[in-house]
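Secondary and tertiary structure notes
Listed here are the chains, written in short residue letters.
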Amino acid sequence: MPNLIWPRALSSDVGPSGLIGRTIHWLGVVLAVGFLLTAMGFAVDGWSAPLAAELALGAVVMALAARGVRYLLARE
């Protein structure tokens, strides 16, 4: 079972599915950071606390899902 807290060492020979997995992972991380920054902006401005909470939850789910895709496709 892969370590969920700290990833294994990267290997350069993951194949095409591994490269797709890594790309999806990093795109998901970038989107999650964008969601989180937007949620923080909503929370600080006081616009909509429920929307900020939903965006923060969405960011966490997106980051974990992106990591899961990387585990499945790149096996790391």
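Throughout what follows, the structure given in this document is the object of discussion.

Structural notes on the packing of aromatic side chains
Enumeration according to the criterion identifies 0 aromatic pairs in this entry. Lying over the aromatic face of Tyr 71, Arg 67 brings its terminal NZ or CZ to 4.7 Å of the ring centre.

Focus on the packing of helix H1 (residues 15-45) against helix H2 (residues 49-74)
In the contact formed by H1 and H2, the axes pass within 8 Å of each other and the chain directions differ by 170 degrees. Considering the angle they form, H1 stands roughly antiparallel to H2. When grouped by side-chain class, the residues that make up the contact of H1 with H2 number 22 nonpolar, 7 polar and 3 charged.

Comments concerning the environment of Met 62
Tracing the sequence through the fold places Met 62 in helix H2. For Met 62, a relative accessible area of 22% translates into the label partly exposed. With 27 residues separating them in the primary sequence, Met 62 and Phe 35 have C-alpha atoms 9.3 Å apart. Those residues in contact with Met 62 that lie beyond four places of it in its chain are Gly 28, Leu 31, Ala 32 and Phe 35.

What counts and how
Residues numbered from 1 in each chain as written. Predicted model: local features only at pLDDT ≥ 70, side-chain atom pairs only at ≥ 80, totals over all residues. Heavy atoms only, no water. Phe/Tyr/Trp six-rings, centres within 6.5 Å; stacked < 30°, edge-to-face > 60°. Lys NZ or Arg CZ within 6 Å of the ring centre and 35° of its normal. Axes fitted to C-alpha atoms, helices over the stretch in contact; angles between N-to-C directions. Helix = DSSP H or I, 4+ residues; strand = E, 2+ residues; numbered from the N terminus. Parallel < 35°, antiparallel > 145°, perpendicular 65-115°, else oblique. Nonpolar A, V, L, I, M, F, W, Y, C, P; charged D, E, K, R; others polar. Buried < 20%, exposed > 50% of the residue type's maximum accessible area, 1.4 Å probe, protein only. Contact = heavy atoms within 4.5 Å.

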